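# An overview of the molecular structure
Chain by chain, the residues:
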Amino acid sequence: MNKSQPETLTPNYFEEVYRANADPWNFETSEYERAKYAATLAALPQTHYQKAFEIGCSIGVLTKELAARCTKLLAIDVSDAALEKAQKRCAKLSQISFEKMQIPAEFPAAAFDLILVSEVGYYLAPEDWQTATEKIAKHLELNGNVVLVHWIPFVHDYPQTGDEVHESFKRWTTGKLRHLTEKREENYRLDVFEKN
């Protein structure tokens, strides 16, 4: 692979990660993740959303918390193993639908008033992230919100850094979305946008 042209990580990459460890990023036990989830939910500008879309739900830890703020929530991931665990975790929450989907090639036809991209954008090559960004902006309802949350230290096998993901999203959505909030912690960054 040419380092100057990074490629989007494949679904097989994630299947191997989940085969090696059912909770590879310690979503269930990490104090860091718990604090980040709390900050993510606190940053949501609206108390309730009618139709939300979570891109990259993994094993559903944040999904379960987010569902309390949503009438309907579509949660997607590229990994069967992750989705199976997420469905079990959220089995009692009828407002959540799970689907296996790989953005940007696959994207739901519906419009949403909340689109959450948490720890996903840096898995995409820049050109795929640009396509995803365009689809996110197009499928966001008027006055709806996009929330981006990403780890910002460099990871050698990720096509982008968290900062690159957020900065390009801001650049590509100028004139389409309004940037409401930027929160920067030691290891992650959180940005909130609104369509108006």
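In what follows, the structure referred to is the one given above.
No experiment lies behind these values; they were computed from the predicted model shown.

We now examine the sheet that holds strand E7 (residues 188-195). Taking strand neighbours across the sheet as the criterion, the seven strands line up as E3-E2-E1-E4-E5-E7-E6 in an open arrangement whose pairing is mixed. Two strands bound the open sheet, and with one partner strand each, they are strand E3 (96-100) and strand E6 (177-184). Averaged over all pairs of adjacent strands, the angle between their axes in this sheet comes to 15 degrees, without regard to strand direction. Two elements, strand E4 (residues 112-118) and strand E5 (residues 140-151), share six bridges in a ladder whose sense is parallel. Bridge pairing in E5 links leucine 114 to asparagine 145. In the packing of helix H4 (residues 80-89) onto the sheet, contacts are made with strand E2 (70-77) and E3, and the angle to E3 comes to roughly 165 degrees. Packing of helix H5 (residues 126-138) onto the sheet brings it into contact with strand E1 (49-55), E4, E5 and E7, and relative to E5 it is tilted by some 145 degrees.

This part takes up H4. When H4 is considered as a whole, its buried residues turn out to be Ala82, Leu83 and Ala86. Buried residues in H4, looked at end-on, bunch into an arc of 95 degrees, giving them a common side. Where H4 is buried, its residues contact helix H1 (11-20), E2 and E3.

We now examine the pattern of salt bridges. Under the criterion given, the structure shown has 16 salt bridges. Here lysine 85 ties to glutamate 28 by a salt bridge, and the two come within 3.7 Å at their closest N and O atoms. Linking lysine 85 in helix H4 with glutamate 28 in the loop between H1 and helix H2 (31-43), this pair joins segments that are 57 residues apart in sequence. Look at glutamate 28 and you get partly exposed, because its relative accessible area is 35%. The residue arginine 178 makes a salt bridge to glutamate 194 at a minimum N-O spacing of 2.9 Å. Of the two residues, arginine 178 sits in strand E6 while glutamate 194 sits in strand E7, which places them 16 residues apart along the sequence.

Locating aspartate 113 in the fold gives a position in strand E4. It turns out aspartate 113 is buried and unbridged, and the closest side chain with the opposite charge, lysine 51, is 8.9 Å from it. A polar atom in the side chain of aspartate 113 sits 2.8 Å from the backbone nitrogen of glutamine 50. The residues contacting aspartate 113, other than those within four sequence positions of it, are Tyr49, Gln50, Lys51, Ala52, Leu140, Glu141, Gly144 and Asn145.

Here we take up the side chain of glutamate 54. Inspection of the secondary structure assignment puts glutamate 54 in strand E1. For the buried residue glutamate 54, which engages in no salt bridge, the nearest side chain bearing the opposite charge is lysine 36, 9.7 Å off. Those residues in contact with glutamate 54 that lie beyond four places of it in its chain are Leu62, Thr63, Leu66, Leu73, Leu74, Ala75, Ile76 and Leu116.

Here leucine 66 lies in helix H3 (residues 61-67). For the pair formed by leucine 66 and glutamate 31, sequence separation is 35 residues and the distance between their alpha carbons is 18 Å. Once you skip the residues sitting within four places of it in the chain, leucine 66 turns out to touch Leu41, Leu44, Glu54, Leu73, Leu114 and Leu116.

If you look at the biggest cluster of nonpolar residues, it comprises 59 residues, and the most contacted ones within it are Ile55, Ile115, Trp129, Ile136 and Val146. With sequence-adjacent residues up to four places away left out, isoleucine 115 is seen in contact with Phe53, Ile55, Ile136, His139, Leu140, Asn145, Val146 and Val147.

Attention now goes to the packing of H5 against helix H6 (residues 162-172). Orientation of H5 relative to H6, taken along the N-to-C sense of each, is 50 degrees, at an axis distance of 10 Å. Considering their axes alone, H5 and H6 lie oblique with respect to each other. Taken as a pair, H5 and H6 cross one another with a handedness that is right-handed. Across the interface between the two elements, Pro126, Trp129, Gln130, Thr133 and Ile136 from H5 touch Val165, Ser168, Phe169 and Trp172 from H6. For the contact of H5 with H6, a count of residues per class yields six nonpolar, three polar and no charged.

What counts, and where the lines are drawn
- Position numbers for residues count from 1 along each chain, tracking the sequence in the order it is written.
- For a predicted model such as this one, the threshold for reporting local features is a pLDDT of at least 70, and the threshold for listing and counting side-chain atom pairs is 80 or more; totals across whole chains, interfaces and linings nevertheless cover every residue.
- Excluding hydrogens and water, the side-chain figures rest on all heavy atoms present in the structure.
- Should DSSP find at least two bridges between two strands, the strands are taken to pair.
- The way it works is that DSSP assigns letters per residue, a run of H or I at least four long becomes a helix, a run of E at least two long becomes a strand, and they are numbered from the N terminus.
- Here an angle of 0 to 180 degrees is reported between the N-to-C directions of two axes, which are lines fitted to C-alpha atoms, with helices fitted over the stretch in contact.
- By definition in these notes, contact holds between two residues if any of their heavy atoms fall within 4.5 Å.
- Summary of the burial criterion: residues with accessible area below 20% of their type's maximum are buried, those above 50% are exposed, and those between are partly exposed, where the area comes from a 1.4 Å probe applied to protein chains only.
- Taking the helix axis as origin, the arc is that swept by the directions to the C-beta atoms.
- The salt bridge definition used is simple: a Lys or Arg side-chain nitrogen within 4 Å of an Asp or Glu carboxyl oxygen.
- A residue counts as positive if it is Lys or Arg and as negative if it is Asp or Glu; His and the chain ends are not included.
- We define a polar contact as two N or O atoms separated by no more than 3.5 Å, with the added condition that, inside protein, one atom must be a possible hydrogen donor and the other a possible acceptor, whereas residues neighbouring each other in sequence contribute only through side-chain atom pairs.
- For the purposes of this section, nonpolar cores are sets of buried Ala, Val, Leu, Ile, Met, Phe, Trp, Tyr and Cys residues that join through side-chain atoms within 4.5 Å.
- Orientation labels follow simple angle bins: below 35 degrees gives roughly parallel, above 145 gives roughly antiparallel, 65 to 115 gives roughly perpendicular, and whatever is left gives oblique.
- By convention the crossing between two helices is left-handed if the near helix lies anticlockwise of the far one by an angle smaller than a right angle, and right-handed if it lies clockwise.
- Throughout, the ten residues Ala, Val, Leu, Ile, Met, Phe, Trp, Tyr, Cys and Pro are labelled nonpolar, Asp, Glu, Lys and Arg are labelled charged, and all others, Gly among them, are labelled polar.

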